[in-house]
Amino acid sequence: MAQDKTLVCRDCGNEFIFTAGEQEFYASRGLKNEPKRCPACRSARRSENRSEGGERRTYEVVCAACGVQTTVPFEPTEGRPVYCKDCYAKTKESE
């Protein structure tokens, strides 16, 4: 049975408790690594990834398959195709 662990946050350097319940939750999801950040720093990091108003940042792209302009919730990587919702669904069906 898991026991509470004291970990040190990689961002702020403060100690935080990784509870037995959290460890069981991580294990049930197949997560093998312990958290590296305290809850406050994890929350702050998530907030940094969102634009003002709590909205997720989106990027305008042209679909690699059909050429329609669309938005995606991630920054496209050069050299990797990005698809609109419909074309992405088609590629998943063919796999």
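Residues numbered from 1 in each chain as written. Predicted model: local features only at pLDDT ≥ 70, side-chain atom pairs only at ≥ 80, totals over all residues. Heavy atoms only, no water.

**Student:** In this structure, what is going on with the layout of surface pockets? I would like to understand it.
**Tutor:** Sizing a probe to match a water molecule and rolling it over the atoms shows the empty space that remains. A volume near 290 Å³ is recorded for the largest pocket. Every residue along the wall of the largest pocket is listed here: Thr71, Val72, Pro73, Phe74, Glu75, Pro76, Thr77, Arg80, Pro81, Val82, Tyr83 and Tyr88. Along the lines of polarity and charge, the residues of the lining of the largest pocket split into 8 nonpolar, 2 polar and 2 charged. (1 Å grid on protein atoms, 1.4 Å probe; cavity = no way out; pocket = protein on both sides within 12 Å on 5 of 7 lines; lining within 4 Å. Points joined across faces, edges and corners; volume = space filled by probe spheres on them. Nonpolar A, V, L, I, M, F, W, Y, C, P; charged D, E, K, R; others polar.)

**Student:** Got a minute to help me understand the pattern of salt bridges in this structure?
**Tutor:** Opposite charge on two side chains lets them pair, provided their charged atoms get close. Per the counting criterion, the structure on display carries 2 salt bridges. Here lysine 5 ties to glutamate 34 by a salt bridge, and the two come within 2.6 Å at their closest N and O atoms. With lysine 5 in strand β1 (residues 5–8) and glutamate 34 in the loop between α1 (20–28) and α2 (39–48), the pair connects residues that are 29 residues apart, well separated along the chain. Judged by its relative accessible area of 31%, glutamate 34 is partly exposed. (Salt bridge = Lys/Arg side-chain N within 4 Å of Asp/Glu carboxyl O. Helix = DSSP H or I, 4+ residues; strand = E, 2+ residues; numbered from the N terminus. Buried < 20%, exposed > 50% of the residue type's maximum accessible area, 1.4 Å probe, protein only.)

**Student:** Would you mind going over the nonpolar core with me for this structure?
**Tutor:** Within soluble globular proteins, side chains that are nonpolar generally end up buried alongside one another. If you look at the biggest cluster of nonpolar residues, it comprises 7 residues: Leu7, Cys9, Phe16, Phe18, Tyr26, Cys38 and Cys41. Excluding residues that lie within four positions of it along the chain, phenylalanine 16 makes contacts with Lys5, Thr6, Leu7, Val8, Cys9, Pro35, Arg37, Cys38 and Pro39. (Core = buried A, V, L, I, M, F, W, Y, C linked by side-chain atoms within 4.5 Å. Contact = heavy atoms within 4.5 Å.)

**Student:** When you look at the pairing of strand β4 (residues 69–72) in this model, what are you seeing that I'm missing?
**Tutor:** Each regular strand shows side chains that alternate between the opposite faces of the sheet. Alternating residues of β4 divide into Thr70 and Val72, all buried, and Gln69 and Thr71, none buried. Of the pairings in the sheet, the one linking strand β3 (residues 59–62) to β4 comprises 4 bridges and is antiparallel in character. Its bridge partner being in β4, valine 62 is matched across the sheet by glutamine 69. Where β3 folds back on β4, the antiparallel hairpin that results is connected by 6 residues, among which glycine 67 adopts a positive phi of roughly 85°. (Pairing = 2+ DSSP bridges.)

**Student:** Whenever I open this one, the side chain of threonine 70 confuses me. Can you help?
**Tutor:** Tracing the backbone through its elements, the reader meets threonine 70 in strand β4. Of the residues examined, threonine 70 reaches a relative accessible area of 17% and is grouped as buried. For threonine 70, the contacting residues outside a window of four places in its chain are Tyr59, Glu60, Val61 and Cys84.

**Student:** Any chance you could explain the environment of leucine 7 here in plain terms?
**Tutor:** Here leucine 7 lies in strand β1. By relative accessible area, which is 11% here, leucine 7 ends up buried.

**Student:** Honestly, the environment of threonine 91 in this entry has me stumped. Any pointers?
**Tutor:** Counting through the fold element by element, threonine 91 comes out in helix α3 (residues 85–94). Judged by relative accessible area, which is 25%, threonine 91 ranks as partly exposed. Counting along the chain gives 88 residues from threonine 91 to glutamine 3, while the straight-line C-alpha distance between them is 44 Å.

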